[in-house]
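The chain contents come next:
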Amino acid sequence: MPDNLTPAARFLCMSHNRGKNTSPELILRRKLHMLGYRYRLHRRDLPGAPDLVFPSRNVAIFVNGCFWHRHICAKGRSTPKTNRAFWKNKFAKNIALDQRNISALSKRGWKVLIIWECEIMHSDRWMQKACKLLKG
Ligand SMILES: [Zn+2]
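Residues numbered from 1 in each chain as written. Predicted model: local features only at pLDDT ≥ 70, side-chain atom pairs only at ≥ 80, totals over all residues. Heavy atoms only, no water.

Student: Please give an account of unusual backbone geometry that cites residues and values.
Tutor: Its identity is not glycine, yet A49 carries a phi of approximately 45°, on the positive side. Mapped onto the elements, A49 comes out in the loop between β1 (40-41) and β2 (52-54). Here the phi dihedral of N58 falls at roughly 55°; this positive angle occurs in a residue that is not glycine. If you trace the backbone, N58 turns up in the loop between β2 and β3 (59-64). In this structure N58 comes out as partly exposed when scored by relative accessible area, which is 30%. (Helix = DSSP H or I, 4+ residues; strand = E, 2+ residues; numbered from the N terminus. Buried < 20%, exposed > 50% of the residue type's maximum accessible area, 1.4 Å probe, protein only.)

So this is what it looks like as structure tokens:
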């Protein structure tokens, strides 16, 4: 592995979680599809390119990785021990960007739902939240 990678890039190389089309997102997509919902993926013309977009219902869903987007779970609270300043800065930027995207989407009339990867992996409760929003 080359040495000139940023710590974040190195982390990405070591983990198998490459952002898009990660398995929690696939699980979510499969279940919503089974429930009969149809969606568009990664609409780049919308702030933050939401993972799933339901155009007729004005609902946008982000499937957030706990580590990168700083969920309150154990994974989201862990920070690599080396390069702490780098990570703090990176996480702060991610959080600020998430907030900016959510508020930009809301201003355009989108209902935004964040679903965390650990929620998808450990229970089906996220489905109630999603269905409530999609039916509403
Ligand atoms: Zn989490």
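We are not done yet, so read on.
Student: Give me the lowdown on the coordination of the zinc ion, citing residues and values where you can.
Tutor: Those donors, C66 (SG), H71 (ND1), C73 (SG) and C118 (SG), are the protein atoms that reach the zinc ion, and they lie 2.0 to 2.4 Å from it. Angles of 98 to 120° at the metal separate the four donor atoms of the zinc ion, which places the site in the tetrahedral class. All donors of the zinc ion come from a single chain, and their spacing in sequence reads C-x4-H-x1-C-x44-C. Comparing H71 with C73 shows no difference in burial state: the two are buried. (Donors = N, O, S within 2.8 Å, 3.2 Å for Na, K, Ca; no water. Tetrahedral: all angles 85-135°; square planar, octahedral: opposite > 155°, others 65-115°.)

Student: Describe the pattern of salt bridges, and please don't skip the residues or the numbers.
Tutor: This structure, assessed with the given rule, holds five salt bridges. The salt bridge partner of D45 is R43, with a shortest N-O separation of 2.7 Å. Given the relative accessible area of 19%, R43 is considered buried. Two residues, E119 and K129, come together in a salt bridge whose shortest N-O distance is 2.9 Å. Of this pair, E119 sits in helix α6 (residues 117-122) while K129 sits in helix α7 (residues 125-135), and the two are 10 residues apart along the sequence. (Salt bridge = Lys/Arg side-chain N within 4 Å of Asp/Glu carboxyl O.)

Student: Describe in detail the nonpolar core, supporting the description with residues and values.
Tutor: Counting 17 residues, the largest nonpolar core has L28, L32, F54, I61, I115 and W126 as the members making the most contacts within it. Once residues lying within four places of it in the same chain are set aside, the contact partners of L32 are Y37, Y39, L52, F54, I61, W126, A130 and L134. By size, the runner-up hydrophobic cluster in this structure holds six residues, among which are L46, V53, F62 and L105. (Core = buried A, V, L, I, M, F, W, Y, C linked by side-chain atoms within 4.5 Å. Contact = heavy atoms within 4.5 Å.)

Student: Before we move on, can you summarise the sheet that holds β3 with the specific residues and values?
Tutor: Working definition: the strands of a sheet are paired by backbone hydrogen bonds and lie parallel or antiparallel to each other. Strand order across the open sheet formed by four strands is β1-β2-β3-β4, with mixed pairing between neighbours. For this open sheet the edge positions go to β1 and β4 (111-116), each flanked by a neighbour on one side alone. Two elements, β1 and β2, share two bridges in a ladder whose sense is antiparallel. Considered in β2, the bridge of L41 is made with L52. Running at roughly 145° to β4, helix α5 (residues 84-107) makes contact with β3 and β4 of the sheet. Across the face of the sheet, α7 comes into contact with β2, β3 and β4 while running at roughly 170° to β4. (Pairing = 2+ DSSP bridges. Axes fitted to C-alpha atoms, helices over the stretch in contact; angles between N-to-C directions.)

Student: Got a sec to walk through α7? Specific residues and values, please.
Tutor: Of the residues making up α7, those classed as buried are W126, M127, A130, C131 and L134. Relative to the axis of α7, the buried residues are bounded by an arc of 130° and lie together on one face. Exposed positions of α7 whose direction lies more than 90 degrees from the buried face are R125, Q128 and K132. The inward-facing, buried residues of α7 contact α2 (23-34), β2, β3, β4 and α6. (Arc of directions from axis to C-beta.)

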